[in-house]
Amino acid sequence: MLDPTSQAFYALGLVLAVLYYFHRRTNPLYSIPSLVPSAPLISYVGAVIYAKNARKLLQEGYEKYKGSAFRIPMLDRWVVVVCGATMAEELRKMPDDQMSFIEAAEELVQTKYTITEDVIHHPIHIPVIRGPLTRNIAALIPDMFDEIAVAANELVPARGDEWVTISAYSTMTQLVARTSNRAFIGTTMCRNKEYLDIVIGFTTDVAKGRLVLGFVPPFLKRFVGPLLPWSRNAMRRFRALVTPVVVQRQRELERRGKDWAEKPQDLLTWLVEEAKAVGGSTDLIVQALLTSNFVATHTSSSSLTHALYHIAANPEFVEPLRQEIESAIKSDGWTKAALGKMMKLDSFMRESQRMNGISGISVIRKALQNVKLSDGTIVPAGTICGAVSFAMHHDEDNYADPEVFNPFRFSDMRAEESERVKYQYVNTSPEYISFGHGKHACPGRFFAANELKAVLAHFILNYEMKTEDGRRPEDRWLGTAIVPNPDANIMFKRRQTAGVIAA
Ligand code: HEM
């Protein structure tokens, strides 16, 4: 016979088990199908299985539940993913008070702890990226071309007739960080080693914090979050380096007034102006600068490396691209107008992003109330939701021969005047969600498209490229993220052809 304490203990256990059973029975989340074990505790095993097999499981789920939704497990939550263009369109149309992008980003990245709270509540970089940065791309491009030429010369030291072997992903990340920061803050910082180390490493700093918080139950996150060292240290180093530059710019802009003819045209100037307009502090500007780098750097360098792997593994694509680039540069110089004329290159980038992309899921949102989808699925309040992207980009209902890399697929479609805009690289649609879709689609995509096309144009005109074994290096899937093979090399040789137009 059990003693009274043991009896009470077992009775309590039984009551909790019954309550939990009814909670699961009544919570609509658990009516949404899952492809991995979903029972309590065992769902952790499911999270590990998903992390290792995300590509396969997303494909399987997409095929099985197209037009509907299924659940995928992360360590600390379930994410509901909708499948197919119609469902992606439905998700992007939902108002922010039902499905919120900001709340989803906050929860998925734990931005409060992994970035900083101030800039999350006052994201001054978003209107600046959407507004002046995008409006002034034409003015920024000549300096960016200049930086690409200088940086490529240092990072890809191919001389004479020699092939040089370069670690592709890390080199492209350096190149992108330098080029973007030429437009963000100017020559001195964009070539400063410590500055580059911080902005490039920040994504890993955030990821480490995010990973740790994934193991921490929600009620403890607020205690553990502030103790995470990585982002805090990066922000401290960044502040020490950049605050004097920001203060100097604030003083100059103040002293010379708005008619200053030589006013630097860069992200820093526009952040200072935005902060002044909304009463933001100097430190908010510093935070916004690092956050801009966080959203811009690895997204762009991954997309660039994906595209370079396609070029290096398929030299037959180069000639038509080279002809187009040469003709555009001859007529318009190294300008945004010339980049606008490079429709084949634009198509190449869009096709590369369709084939590979940076994530298996896009259009991430968080349900702020119970939301009923058109197929009857109920997404409970508090649940993160997204749309399957990779599998949809490889669906033959959306793209003919979807497994074939057809570099000029979209430029051929753009031959019709009426289709010019629809199929350009930056344009999102229900079937093309690499940049997200709808109101929160990436505001930096116009800047990124010009930057990445500029880098590719430089390489295509000035170098021959190949992979070491003639094949395209396999992508790596890290959970849902698609990373171009970080260990692969590209071989470069300078073109000796007379008449090559260097940037
Ligand atoms: C090829 C490179 C890039 C890719 C593939 C990319 C992709 C994305 C995606 C998928 C989203 C989420 C959209 C959604 O879920 O609906 C996003 C958001 C965002 N991106 Fe990009 N991005 C790129 C480059 C950039 C650059 C260069 C910048 C800045 C100059 C930038 C700034 C942002 C910002 C600020 C957001 C958040 C938007 C918001 O809060 O409403 N991105 N990006």
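Residues numbered from 1 in each chain as written. Predicted model: local features only at pLDDT ≥ 70, side-chain atom pairs only at ≥ 80, totals over all residues. Heavy atoms only, no water.

The name recorded for the protein chain in an unreviewed UniProt entry is Cytochrome P450, from Wolfiporia cocos. Turning to the protein chain, the UniProt record has this under Cofactor (unreviewed entry): "heme". (UniProt positions renumbered as here; feature names shortened; annotations may be inferred.)

A. Summary view of the overall build of the protein chain. Regarding its fold elements, the protein chain presents 21 helices and 12 strands. Relative to the globule expectation of 23 Å for 503 residues, the C-alpha radius of gyration of the protein chain, 25 Å, shows essentially globular dimensions. Viewed in the frame of its principal axes, the protein chain has a C-alpha envelope of about 95 × 60 × 45 Å. When each of the 503 residues of the protein chain is scored for burial, the buried share is 52%. Put simply, of all contacts in the protein chain between residues at least 6 apart along the chain, 74% involve residues at least 24 apart. Carbon and sulfur atoms make up 56% of the accessible area of the protein chain, which amounts to about 22,600 Å² in all. Separation between the mean location of the 58 positive side-chain charges and that of the 55 negative ones in the protein chain comes to 3 Å. (Helix = DSSP H or I, 4+ residues; strand = E, 2+ residues; numbered from the N terminus. Rg over C-alpha atoms; globule rule 2.2 N^0.38 Å. Buried < 20%, exposed > 50% of the residue type's maximum accessible area, 1.4 Å probe, protein only. Contact = heavy atoms within 4.5 Å. Areas by Shrake-Rupley, 256 points an atom, 1.4 Å probe, with all protein chains shown as cover. Lys, Arg positive; Asp, Glu negative; His and termini not counted. Charge placed at Lys NZ, Arg CZ, Asp CG, Glu CD.)

B. Geometry of helix 3 (residues 85–93). When we look at burial in helix 3, the residues that qualify are A85, M87, A88, E89, E90 and L91. Taken together, the buried residues of helix 3 touch strand 2 (77–82), strand 3 (99–100), strand 5 (361–367), strand 8 (384–388) and helix 19 (390–393).

C. Up close: the packing of aromatic side chains. A complete count under the given rule lists 15 aromatic pairs for this structure. Relative to F435, the ring of Y425 lies with its centre 5.3 Å away and its plane at 55°, an arrangement referred to as tilted. Note that Y425 is positioned in the loop between helix 20 (409–413) and helix 21 (445–462) and F435 in the loop between helix 20 and helix 21, a separation of 10 residues in sequence. The ring of Y399 carries the charged tip of R354 above its face, separated from the ring centre by 5.1 Å. (Phe/Tyr/Trp six-rings, centres within 6.5 Å; stacked < 30°, edge-to-face > 60°. Lys NZ or Arg CZ within 6 Å of the ring centre and 35° of its normal.)

D. A look at the UniProt feature "binding site: heme" (unreviewed entry) in the protein chain. Sites flagged by UniProt as "binding site: heme" (unreviewed entry) map to C442. Owing to a relative accessible area of 28%, C442 belongs among the partly exposed residues under this scheme.

E. Quick peek at the coordination of the iron atom of the ligand. You will see that the iron atom of the ligand has only one donor from the protein, C442 (SG), lying 2.3 Å away. By the secondary structure assignment, C442 is in the loop between helix 20 and helix 21. (Donors = N, O, S within 2.8 Å, 3.2 Å for Na, K, Ca; no water.)

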